[in-house]
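Take a look at the letters that make up each chain.
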Amino acid sequence: MKLVRFSTQGQSPRLGVLQGDRIADLQASLAATLTRRGVVRAQDIAAALVPASARQFLEGGVAAKDAVAGITEWVTVDRGGARLHAPIADPGKFICIGLNYKDHAEEAGQPIPKEPPIFAKWATSILDPGEPLLRPRGSTQLDWEVELGVVIGRTARYVPREQALDYVAGYTIINDASARDFQFLTSQWMAGKIFETAAPVGPYIADREEIPDPHVLELKTFVNGKQMQRGNTKTLIFDVRYLVSYLSNLMTLSPGDLIATGTPPGVGLGIKPNPIWLQPGDVCRMEITGLGVLENRVVDEP
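In short, a report on the structure.

Cut-offs used in this document
Residues numbered from 1 in each chain as written. Predicted model: local features only at pLDDT ≥ 70, side-chain atom pairs only at ≥ 80, totals over all residues. Heavy atoms only, no water. Helix = DSSP H or I, 4+ residues; strand = E, 2+ residues; numbered from the N terminus. Rg over C-alpha atoms; globule rule 2.2 N^0.38 Å. Buried < 20%, exposed > 50% of the residue type's maximum accessible area, 1.4 Å probe, protein only. Contact = heavy atoms within 4.5 Å. Areas by Shrake-Rupley, 256 points an atom, 1.4 Å probe, with all protein chains shown as cover. Lys, Arg positive; Asp, Glu negative; His and termini not counted. Charge placed at Lys NZ, Arg CZ, Asp CG, Glu CD. 1 Å grid on protein atoms, 1.4 Å probe; cavity = no way out; pocket = protein on both sides within 12 Å on 5 of 7 lines; lining within 4 Å. Points joined across faces, edges and corners; volume = space filled by probe spheres on them. Polar contact = N/O pair within 3.5 Å; in protein donor to acceptor, adjacent residues only side chain to side chain. Core = buried A, V, L, I, M, F, W, Y, C linked by side-chain atoms within 4.5 Å.

A word on the overall build of the protein chain. For the protein chain, the helix and strand inventory stands at 7 helices and 19 strands. In terms of overall size, the protein chain behaves like a compact globule, its C-alpha atoms giving a radius of gyration of 19 Å where 302 residues would be expected to give roughly 19 Å. With respect to the principal axes defined by its C-alpha atoms, the protein chain has extents near 70 × 45 × 30 Å. Counting all 302 residues of the protein chain, 54% fall into the buried class. Here the analysis covers contacts within the protein chain between residues at least 6 apart in sequence; of these, 75% occur between residues at least 24 apart. In the form shown here, the protein chain has an accessible surface area of approximately 12,800 Å², with 51% of it arising from carbon and sulfur atoms. Between the centroid of the 31 positive side chains of the protein chain and the centroid of its 34 negative side chains there is a distance of 1 Å.

Considering only enclosed or pocket space, the largest pocket measures out at about 350 Å³ in volume. Forming the boundary of the largest pocket are 17 residues, of which M1, K65, A169, D207 and R208 lie nearest the centre. Going through the elements one at a time, α3 (54-59), α4 (61-69), β12 (168-175) and β14 (199-207) are the ones with two or more residues in the lining of the largest pocket. The greatest single-element share of the lining of the largest pocket, amounting to 3 residues, is contributed by α4.

All right, on to the side chain of T261 then. By the element assignment, T261 lies in the loop between β17 (258-260) and β18 (283-288). You can call T261 buried: its relative accessible area is 1%. Among the polar contacts listed, one links the side chain of T261 to the backbone oxygen of L148, at a separation of 2.8 Å. Not counting residues within four places of it along the chain, the set of residues in contact with T261 comprises I97, N100, E147, L148, V150, L236 and L243.

Within the secondary structure, L247 is located in helix α7 (residues 240-250). Taking the C-alpha atoms as reference points, L247 and T33, separated by 214 residues in sequence, lie 39 Å from one another. If we ignore the near neighbours within four places in the chain, the residues touching L247 are I95, I118, L253 and I259.

This paragraph deals with the nonpolar core. Counting residues in hydrophobic clusters, the biggest one holds 51 residues, and the most contacted among them are Y171, V240, V244, I288 and L291. Counting 34 residues, the second largest nonpolar core, distinct from the first, contains A46, A67, I126 and L258.

The residue K272 is located in the loop between β17 and β18 in this model. Residue K272 is classed as exposed on the basis of its relative accessible area, which comes to 57%. A sequence separation of 65 residues divides K272 from D207, and the C-alpha atoms of the two residues are 38 Å apart. At a separation of 3.1 Å, a polar atom in the side chain of K272 contacts the main-chain carbonyl oxygen of E107.

Moving on, we come to α7. All of the buried residues along α7 are V240, L243, V244, S245, L247 and S248. Close packing links the buried residues of α7 with β6 (94-97), β7 (118-120), β11 (146-152), β12 and β17. N-cap assignment for α7: the residue whose side-chain oxygen lies 3.3 Å from the backbone N of R241 is D239.

This part covers unusual backbone geometry. Residue P203 follows G202 across a cis peptide bond; omega there is 5°. Tracing the backbone through its elements, the reader meets P203 in strand β14. Across the junction of K272 and P273, the peptide omega takes the value 5°, indicating a cis bond. With respect to the helices, strands and loops of the structure, P273 is situated in the loop between β17 and β18. Even without being glycine, T197 reaches a positive phi, approximately 75°. For T197, the location among the structural elements is in the loop between α6 (180-183) and β14. Using a relative accessible area of 9% as the deciding quantity, one classes T197 as buried. Positive phi values are uncommon outside glycine, yet N224 reaches one of about 55°. For N224, a relative accessible area of 48% puts it in the partly exposed group.

Interpretation in functional terms is not warranted from these geometric data alone.
Laid out in structure tokens, this is it:
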């Protein structure tokens, strides 16, 4: 399943499933299915089981998944007539991992970490596919970072590494956009990581049936059509199993929590001798195997 948040004709975003060139409206499809079965209050039941929030849907657990699995009456819209939003916009926790590819650590002039460096972004940084990526006021060093995003599907605490993927709902693309001139003002990176629009996410969440092995995925970034990044998750220093297990030993991971797993080499900061920074008008396009395309145009924050 490829879970999306979408809207049509200016309506509020709702959850859907991408089916080729169509999007199935999950709430409307479940309501139609229940109505066909003669269930009273079908609309109310559908709204409870399929909320507009992906996090709330994941919190619904087995009941929500079983409801979707039982849909027989599909209500769909044309993908071309719909606007896609970030598939998850309200994570309880947005956890980021730094320096998780050896060659990226080397290009950044940083030592290879012995344990995952952790920082955070806020939900207010999340940006929809296709929406403007704002270069924050005062910054001239806006950079790109394509990352595999991991969406937690079950409450996880003290999870063994060999069981870690059982707690994953699916995967998406994250651009860990970074204002480098803010990031390195102190030893703590977050000043350059939390500005508005600092985290484009999307276009969908592919579940574990779509992505059975997250460690064989190719990541790419293109700026104005020129390829800047290319990497593969098989070279992660700390793989998805390790990260979920490690983080669950530090905190409780909850359904809908989002983990950005780090970026491969090819960021603007690493270009020697003269780094390249995103400028207004630049188009940043990211691709990960099986996860589609995430594209945003850069503009200056008003």
